[in-house]
Amino acid sequence: MNGSEQRLARPVIVTVDDDPGVSRAVARDLRREYGAQCRIVRAESGAQALEALRELKLRGEQVAVTLADYRMPMMDGIAFLEQAMDIFPFARRVLLTAYADTDAAIQAINTVDVDYYLLKPWDPPEEKLYPVVTELLQTWRSSNHRPVPETKVIGHRWSSRSFEVRDFLARNGVPYRWYAASDAEGERLLSAAHADQSDVPVVVTPEGETLRAPSDAELAARVGMSTSPGEKFYDVVVIGGGPAGLGAAVYAASEGLRTVLVERTATGGQAGQSSRIENYLGFPDGISGSQLADRARRQVVKFGAEVVSARDVSGIESAGAARIVRFADGGSIAAHTAILATGVAYRTLDAPGAEVLTGRGVYYGAALTEAVSCAGQDVFVVGGANSAGQAAMFLAQRSRSVTMLVRASSLDASMSAYLIDQINAAPNITVRPRSVAVEAHGDDHLETLTILDETTGEKETVAAQWLFVFIGAVPRTEWLDQDVMRDDHGFVCSGPDLLSGGRRPNGWTLDRDPYHLETSIPGVFVAGDVRADSVKRVASAVGEGAMAVMLVHRYLQWP
Ligand SMILES: Cc1cc2nc3c(=O)[nH]c(=O)nc-3n(C[C@H](O)[C@H](O)[C@H](O)COP(=O)(O)OP(=O)(O)OC[C@H]3O[C@@H](n4cnc5c(N)ncnc54)[C@H](O)[C@@H]3O)c2cc1C
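Please read all numbers here as calculations on a predicted model, not as lab measurements.

Q: Can you lay out the packing of aromatic side chains for me, pointing to particular residues and giving the numbers?
A: Going through the model one piece at a time under the given rule, you end up with seven aromatic pairs. With 5.3 Å between their ring centres and 45 degrees between their planes, Trp158 and Trp466 make a pair best called tilted. Of the two residues, Trp158 is situated in the loop between strand 6 (151-155) and helix 8 (160-171) and Trp466 in strand 24 (residues 466-469); the sequence distance between them amounts to 308 residues. Taken individually, Trp158 and Trp466 each receive the classification buried, so the pair is uniform in this respect. Joined through ring pairs, the aromatic side chains of Trp158, Phe163, Tyr363, Trp466 and Phe468 make up one cluster.

Q: Describe the pairing of strand 21 (residues 435-441), naming the residues involved and giving the relevant values.
A: Of all seven residues making up strand 21, five are buried, and the element is well covered by its neighbours. Alignment of strand 21 against strand 22 (residues 448-453), held across six bridges, turns out to be antiparallel. Its bridge partner lying in strand 22, Val436 is registered against Leu452. Counting the residues in the hairpin turn of strand 21 and strand 22 gives six residues, including Gly442, whose phi is positive at 155 degrees.

Q: Could you give an account of the sheet that holds strand 23 (residues 459-463), naming the residues involved and the relevant values?
A: Taken together, the three strands give an open sheet; going across it, the order is 21-22-23, and neighbouring strands pair in antiparallel fashion. With partners counted over all chains shown, the strands left at the sheet margins are strand 21 and strand 23, one partner each. Between one strand axis and the next, the sheet turns through 30 degrees on average, direction left out of account.

Q: Please give an account of the sheet that holds strand 18 (residues 378-382) that cites residues and values.
A: The strand order across the open sheet formed by five strands is 17-24-18-19-20, and the pairing between neighbours is parallel. Strand pairing shows two members of the sheet lacking a second neighbour, strand 17 (362-364) and strand 20 (429-433), which therefore form its edges. Sheet twist, expressed as the average angle between the axes of neighbouring strands with direction ignored, equals 20 degrees. Bridge count for strand 19 (residues 401-406) against strand 20 is five bridges, and the pairing is parallel. Residue pairing across strands places Met404 opposite Val431, the latter belonging to strand 20.

Q: Can you lay out the site of the ligand for me, pointing to particular residues and giving the numbers?
A: Near the ligand there are 34 residues, and of these Glu263, Gln270, Asn279, Gln390 and Asp529 occur at the shortest range. One of the side-chain nitrogen or oxygen atoms of Gln270 is found 2.8 Å away from an oxygen atom of the ligand. Separating a nitrogen atom of the ligand from a backbone N or O atom of Val313 is a distance of 3.0 Å. Elements with a minimum of two residues in the shell around the ligand: helix 11 (243-254), strand 16 (344-346), helix 14 (386-396) and helix 16 (538-557). Class assignment for the residues of the shell around the ligand results in 13 nonpolar, 13 polar and eight charged.

Q: Which residues make up the packing of helix 11 against helix 16, and what values go with them?
A: Two packed helices can be described by the angle between their axes and the distance between those axes. For the pair helix 11 and helix 16, interaxial distance at closest approach is 7 Å and the crossing angle is 40 degrees. Handedness of the helix 11/helix 16 crossing: right-handed. Contact residues: Pro243, Ala244, Gly247, Ala248, Tyr251 and Ala252 in helix 11; Val538, Ala541, Val542, Gly545, Ala546 and Val549 in helix 16. Its residues placed into classes, the contact of helix 11 with helix 16 shows 10 nonpolar, two polar and no charged.

Q: A description of unusual backbone geometry should follow, citing residues and the corresponding values.
A: The linkage connecting Lys120 with the following residue, Pro121, adopts the cis geometry, with an omega of -10 degrees. Note on placement: Pro121 falls in the loop between strand 5 (116-119) and helix 6 (125-128). Of the consecutive residues Val200 and Pro201, the connecting peptide bond is found in the cis state with omega at 0 degrees. For Pro201, the position within the fold is in the loop between helix 9 (184-192) and strand 8 (202-204). Its identity is not glycine, yet Asp533 carries a phi of approximately 65 degrees, on the positive side. Positionally, Asp533 belongs in the loop between strand 26 (524-526) and helix 16. Judged by its relative accessible area of 67%, Asp533 falls in the exposed class. The phi torsion at Lys536 lies on the positive side, around 65 degrees, for a residue other than glycine. Among the secondary structure elements, Lys536 is positioned in the loop between strand 26 and helix 16.

Q: How would you summarise the pattern of salt bridges if you had to cite specific residues and measurements?
A: Here the idea is simple: oppositely charged side chains can pair when their charged atoms come close. Per the stated rule, a full pass over the model turns up 32 salt bridges. A salt bridge links Asp29 to Arg32, with the nearest nitrogen and oxygen atoms 3.2 Å apart. Here the residue Asp29 and the residue Arg32 both occupy positions in helix 2 (residues 20-34), the gap between them amounting to three residues, near one helical turn. Overall, Asp29 belongs to the buried group, its relative accessible area being 2%. Using a relative accessible area of 53% as the deciding quantity, one classes Arg32 as exposed. Glu55 serves as the salt-bridge partner of Arg59, at 3.9 Å between the closest nitrogen and oxygen. When its relative accessible area of 44% is taken as the criterion, Glu55 is described as partly exposed. Through salt bridges that share partners, Arg28, Asp29, Arg32 and Glu126 make up one connected network.

The rules we used
For every chain, the first residue of the written sequence is number 1, and numbering continues from 1 onward in sequence order. Owing to the predicted nature of the model, reporting of local features is limited to residues with pLDDT of at least 70; listing and counting of side-chain atom pairs is limited to 80 or more, with chain, interface and lining totals taken over all residues. Think of the side-chain values as coming from all heavy atoms in the structure, minus any hydrogens and water. Between the rings of Phe, Tyr and Trp (Trp by its six-membered ring), a pair exists once the centres lie within 6.5 Å; its type follows the angle of the planes, with under 30 degrees stacked, over 60 edge-to-face, and the other angles tilted. Only runs of H or I of at least four residues qualify as helices and only runs of E of at least two qualify as strands under DSSP, and these elements are numbered from the N terminus. Only protein chains enter the accessibility calculation, which uses a 1.4 Å probe. A residue is then buried if its area is under 20% of the maximum for its type, exposed if over 50%, and partly exposed in between. Two strands form a pair only when DSSP identifies at least two bridges running between them. Lines are fitted to the C-alpha atoms to define the axes, a helix being fitted only along its stretch in contact, and any angle between axes, read from their N-to-C directions, falls within 0 to 180 degrees. Whether a residue is near a molecule or strand is decided by its heavy atoms; if any one of them lies within 4 Å of it, the residue is near. Any pair of nitrogen or oxygen atoms within 3.5 Å is treated as a polar contact; in protein, a donor-acceptor pairing is required on top of that, and neighbouring residues in sequence qualify only through side-chain atoms on both sides. Charged means Asp, Glu, Lys or Arg here, nonpolar means Ala, Val, Leu, Ile, Met, Phe, Trp, Tyr, Cys or Pro, and polar covers whatever is left, Gly included. Handedness of a crossing follows from how the near helix is turned relative to the far one, being left-handed for an anticlockwise turn of less than a right angle and right-handed for a clockwise one. Only heavy atoms matter for contacts: two residues are in contact if any of them lie within 4.5 Å across the pair. In what follows, salt bridge is the name for a side-chain nitrogen of Lys or Arg lying within 4 Å of a carboxyl oxygen of Asp or Glu.

In structure tokens:
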């Protein structure tokens, strides 16, 4: 067990008394008896003790017992216990009183539900203090409270930014616990963080640090991900952390190239969002996208490549022999070569209402994060390709029903046969061919969906809270300037495709043709889905990443 695990394994006893001598004496006696199993935290005023309780709450620790002196200036013991109850409602409460205050103490039992009042002095503790505290500890333990060591996210169920924060953490493999801001524990955490509903999403790190509505970059930095490059110059900068980028980084770093990979959201790319990849070589039983991404990420780090997270690349240019990669939020990285592996982005649903409800009932490829919330409910999936089929199968495990809206007359032309068989065999999946989601409605979140039957021309509006959209993708190349040649759809051209009638592309300065996977900027290569005419598979993306590295070596060795 490391230090923080040890800390979390022991519940806390908090004691507060304004007389420093008494405060130390109570803490000493408690420590002597319970020090091995509990952590004793002592304070000398109600305000100080409340602040300690808030910190403990944010760090995910559990308070088992609070002992407070009745007569304290500013805030008496009853007022303190009342507020302490708002932070740790299940902690047992003890009031320490002098004989003269017994009546007030008895009244207090009714006001703040005090479990016990102890008369001062409590000597000998073996007779007066320990039997009480031991019993209260047993009562507390029997109700099975557990510490929450993970990052905590407090937000609104139907807020798109709250969803994005959870999705970002999940896809980056950061364990977190979710609390609805309107639930009692969510409210308690917000209050402990001195935050309110207008601050959400609020993220509390395992160390107890509070972030109000953080950006991805801020979040990444605080949960331990690196957001800045460590070096001034690299052999290769890989842009995009999907299978192509991860593959390139593994091969480049393992072959001794100084490598940095820049990812805007989460390593794993589209594949990281796949619920189960069944056709990737070496995984006969399939592997979830997040597992594959996690393994690849570890492999990248193992070979010594740097991973810079939550940074958006917004430009690439040549400066002599160097390739400069610019970030959208300022700053840049310089390298001898670059590999573009930015993949594709989901095409958005062209239906009134869909845009404003994105993240609030309408989701793109977010099946994994949201699946738990759909348990027992009716779900709609738009799309007829493998990604939609996988999502439908995954969602069907927990949802009451899954309805697939497919524009084509069947799945045959767009989906693998094995998936069609699985969908046909699933009792709670219905496929509606020639059906299109044409409108999404809802105030706060998705409530109804209008579906057009393209065979009959009829429209039907149905109750719907969950809509997952998988309708193809567009290349993420909008940020490239025209020096990087692309096809009519925006995919990056490379190698022989750049030659027009045997002529090299405009601006090409070298006395040789572009290598395979080399773009119209020498030394800048492309791999994976973003490449024109690519195969759009995990295996081919990884393979192209490896091949791009081989060509990087060739480029670096070219005289
Ligand atoms: C739900 C789903 C299921 C799938 N299932 C399978 C399957 O079973 N088998 C299979 O073979 N294939 C499957 N695919 C396809 C496969 O995932 C893709 O072919 C593969 O992920 C492509 O990898 P890539 O690295 O080229 O691009 P992507 O996976 O798209 O990764 C690109 C990465 O670049 C990042 N990026 C983009 N722009 C920037 C920028 N400007 N700055 C920094 N970073 C940027 C993105 O955030 C992303 O992480 C599936 C796809 C989806 C969506």
